[in-house]
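Spelled out from the first residue to the last, the chains are:
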Amino acid sequence: MQELRNALTMFKKLEIFPKIGGTLAVITGLILYYMGNFGTFAQLWLLGTLILYIIIQILTIGFVGRYTKKLNTYLSDPNRAKLDALPEEYQKVFNRTNLTFWIVSTLGVIIFILMILKPAGL
């Protein structure tokens, strides 16, 4: 339980970086697109990366933030300092958080693959 508390504290401190970094990545990506010779903007790999990025932001800000806040609020209560395990309701929230992180991570890897390979014909 203490590791979960520590992880949630660290998440709260670090959550600003993906928001700023993601925004900068999109802005610089658009600048690079307009400066380079990547073809039309309607290419599937290019639109796909933008759509995946939007999905990642929605999942991260809309769901992960809400889930971690709920867990953090529950665990920060001094009356719960000696808990050995999460109650079933909060275990479900933790499981949803974990699943959402895996989905976001997988989508991020797909974005990297699309941006590196820039598949021809897509």
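Engineer: Can you help me understand the packing of aromatic side chains in this one?
Structural biologist: What characterises a pair of aromatic rings is the spacing of the ring centres plus the angle enclosed by the ring planes. Counted by the stated rule, this structure contains four aromatic pairs. Residues F63 and Y67 carry aromatic rings whose centres are separated by 6.3 Å and whose planes lie at 45 degrees to one another, so their mutual orientation is tilted. Separated by four residues within a single helix, F63 and Y67 lie in helix α3 (residues 44–75), roughly one turn from each other. Using a relative accessible area of 31% as the deciding quantity, one classes F63 as partly exposed. Geometrically, the ring pair formed by Y74 and Y90 is stacked, given 3.9 Å between the ring centres and 20 degrees between the ring planes. Taken together, the positions of Y74 in helix α3 and Y90 in helix α4 (residues 88–117) put the pair 16 residues apart, joining distant regions of the chain. The two residues Y74 and Y90 agree in class, both being buried. Against the face of Y90 rests K70, its NZ or CZ located 5.7 Å from the ring centre.

Calculation criteria
- Residues numbered from 1 in each chain as written.
- Predicted model: local features only at pLDDT ≥ 70, side-chain atom pairs only at ≥ 80, totals over all residues.
- Heavy atoms only, no water.
- Phe/Tyr/Trp six-rings, centres within 6.5 Å; stacked < 30°, edge-to-face > 60°.
- Helix = DSSP H or I, 4+ residues; strand = E, 2+ residues; numbered from the N terminus.
- Buried < 20%, exposed > 50% of the residue type's maximum accessible area, 1.4 Å probe, protein only.
- Lys NZ or Arg CZ within 6 Å of the ring centre and 35° of its normal.

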